[in-house]
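# Fold and geometry: a report
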Amino acid sequence: SWFIRTTAFRDAMLANNRRIGWLPENIRDGRFGNFLESNVDWALSRERFWGTPLPIWVCERTGNMEAVGSYAELLAKPGVQGTEVWDHAKKAAPDLSEHLKVHKPYIDAVTYDSPFAAGARMRRVPEVIDCWFDSGAMPFAQWGFPHRPESATKVAENFPADFISEAIDQTRGWFYSLLAISTLLFGPREGEQAGSAEEFCEESTPKIEYPHPFRNCVVLGLMLGEDGQKMSKSKRNYREPQEIFDRYGADALRWYFFANQAPWTSIRYNEQAIRESVPEFLLRLWNVYSFFVIYANIDGWDPAKGWTDAVGDLKPTILARGEGYRPPRERAELDRWILSELHHTAARVRQAMDAYDNLSAAQTI
């Protein structure tokens, strides 16, 4: 097997992790922090057909190896042979994506002259890369970094992410692969102080300070079936979402997830709770809105102008009595109280959502 020596970057990963906002907070020093503390080297290779080919070529005579950084670098090697395999496949099937030329079986046919022994050939190792490496490289790979000239600007504009979100079982999967690869690329090198980072673009680009590649992580609990076990396709212990949409509406299911409990709490599916959210919140909200719209339309009400008659003309008699728009300080006490509640609610919801606390925001509403 092939490994990445992540143990050499343990301290850098821990320093990076300490700057990330975890929700719930205990994940940072608990489940995730403990995993980093006991970190072992990352087993990178897989013996499969589909996957990103491991870009390592081995001398058939000496066993010496080279890691090739790009397809262009591979084609620039001396004595390259085997590219015609892809050319023949593309000619036979013109719809084949150009991306396939760097995948099996075409890439395996590409060899070049060995720099270690005269007359020997360099051949690629058969393994592919763990797909979690692909997922972890996403923040940079999606822009083609570092091979595309424009990628540095794209990364600088979109990195690090404000937040990511996935289930708690990703603490050793996607959460880890994202943080590990980012720290390997942009974290401190030997002799640097933990917390600093290498420049990754032009000299004018600021260094990436921790945290990266995400500033916050909202860790979701698992979705459990009515039997209390994790929902599973094999167990069929779940209801088709379309059934819930058809019976209660998509908003009922959204509100159930959003306002029923903290997102990191495992949810035991409960159709009764979804059903109850309709009259308790959604129907009440709709009735308030409907009541307002009906009478506002009947009376021709415009908050900026006051009341109109049936043909849409402003009623001069009402405006003469000063019953058009009035600032809050001139309104009745009940009106002022309602406006106060509205603005306090908006402020509390914004504060909660800025802290990625959707439960408090929903309860406030």
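Residues numbered from 1 in each chain as written. Predicted model: local features only at pLDDT ≥ 70, side-chain atom pairs only at ≥ 80, totals over all residues. Heavy atoms only, no water.

## Some words on the environment of Ser 45
Among the structural elements, Ser 45 can be located in strand E4 (residues 45–46). For the pair formed by Ser 45 and Ser 1, sequence separation is 44 residues and the distance between their alpha carbons is 5.9 Å. Setting aside anything within four residues of it in sequence, one finds Ser 45 in contact with Ser 1, Trp 2, Glu 127 and Val 128. Within the structure, Ser 45 has its side chain in polar contact with the backbone nitrogen of Trp 2 (distance 2.9 Å). (Helix = DSSP H or I, 4+ residues; strand = E, 2+ residues; numbered from the N terminus. Contact = heavy atoms within 4.5 Å. Polar contact = N/O pair within 3.5 Å; in protein donor to acceptor, adjacent residues only side chain to side chain.)

## A word on the pattern of salt bridges
For the structure on display, the rule yields 16 salt bridges. Its salt-bridge partner being Glu 240, residue Arg 236 comes within 3.9 Å of it at the nearest N-O pair. On the accessibility criterion, Arg 236 (53% relative accessible area) is exposed. A relative accessible area of 36% means that Glu 240 is categorised as partly exposed. (Salt bridge = Lys/Arg side-chain N within 4 Å of Asp/Glu carboxyl O. Buried < 20%, exposed > 50% of the residue type's maximum accessible area, 1.4 Å probe, protein only.)

## Regarding the sheet that holds strand E5 (residues 56–59)
Within the open sheet, the four strands sit side by side as E6-E5-E8-E7. Their pairing is antiparallel. Two strands in the sheet have a free side with no partner beyond their single neighbour: strand E6 (65–67) and strand E7 (112–113). Pairing analysis gives three bridges linking E5 to strand E8 (residues 121–124), with the strands arranged antiparallel. Residue Val 58 lies in a different strand from E8, and its bridge partner there is Arg 123. (Pairing = 2+ DSSP bridges.)

## Topic: helix H9 (residues 174–186)
For the α-helix, the turn length of 3.6 residues means that residues three or four positions removed from each other point alike. Spanning 13 residues, H9 covers 18 Å between terminal C-alpha atoms, matching the ideal 18 Å at 1.5 Å per step. Summarising burial for H9: 12 of the 13 residues are buried, a large majority. (Expected span 1.5 Å × (residues − 1).)

## Structural notes on the confidence of the model for the chain
Looking at the chain as a whole, the pLDDT averages 86, with 88% of positions reaching at least 70. Note on residues 193–206: pLDDT under 50 across the span, and 34 contacts to partners over four residues away in sequence or across chains. Below pLDDT 50 for its whole length, residues 314–322 participates in 11 contacts with residues either more than four positions away or in separate chains. (pLDDT = per-residue confidence, 0-100.)

## As for the packing of helix H10 (residues 241–248) against helix H12 (residues 271–299)
Where H10 meets H12, the closest approach of the two axes is 11 Å, and the angle between their N-to-C directions is 30°. The orientation of H10 with respect to H12, classified from their angle, is roughly parallel. Once H10 is placed against H12, the crossing between them reads as right-handed. The residues of H12 that touch H10, namely those facing Ile 244, Arg 247 and Tyr 248, are Glu 271, Ile 274, Arg 275 and Val 278. Residue composition of the contact of H10 with H12, by class: four nonpolar, no polar and three charged. (Axes fitted to C-alpha atoms, helices over the stretch in contact; angles between N-to-C directions. Parallel < 35°, antiparallel > 145°, perpendicular 65-115°, else oblique. Left-handed = near helix turned anticlockwise from the far one by under 90°. Nonpolar A, V, L, I, M, F, W, Y, C, P; charged D, E, K, R; others polar.)

## Some details on a nonpolar patch on the surface
A contiguous nonpolar patch, built from Phe 291, Ile 294, Tyr 295 and Ile 298 and spanning about 460 Å² of accessible area, is present on the exposed surface. The topology assignment puts Ile 298 in helix H12. (Patch = residues over 30% accessible without salt bridge, like charges linked within 9 Å, V, L, I, M, F, W, Y side chains within 5 Å. Areas by Shrake-Rupley, 256 points an atom, 1.4 Å probe, with all protein chains shown as cover.)

## What about the packing of helix H1 (residues 10–18) against H9?
With their axes 10 Å apart at the nearest point, H1 and H9 run at an angle of 115° to one another. Handedness of the crossing formed by H1 with H9: right-handed. Only Tyr 176, Leu 179, Ala 180 and Thr 183 of H9 make contact with H1, whose side of the interface consists of Ala 12, Met 13, Asn 16 and Asn 17. Residue classes in the contact of H1 with H9 are distributed as five nonpolar, three polar and no charged.

## Points about the side chain of Gln 261
Position of Gln 261 relative to the elements: it lies in the loop between helix H11 (250–259) and strand E13 (267–268). For Gln 261, a relative accessible area of 14% puts it in the buried group. A polar side-chain atom of Gln 261 sits 2.8 Å from a polar atom in the side chain of Asn 260. Setting aside its immediate chain neighbours within four residues, Gln 261 contacts Tyr 256, Ile 267 and Leu 359.

## What about the nonpolar core?
Of all hydrophobic cores here, the largest spans 35 residues; its most connected members are Trp 22, Phe 32, Phe 175 and Tyr 176. Ranked by residues supplied to this core, first place goes to H9 with nine residues. Of all hydrophobic cores here, the second largest spans 11 residues; its members include Tyr 71, Ile 107, Tyr 112 and Met 122. (Core = buried A, V, L, I, M, F, W, Y, C linked by side-chain atoms within 4.5 Å.)

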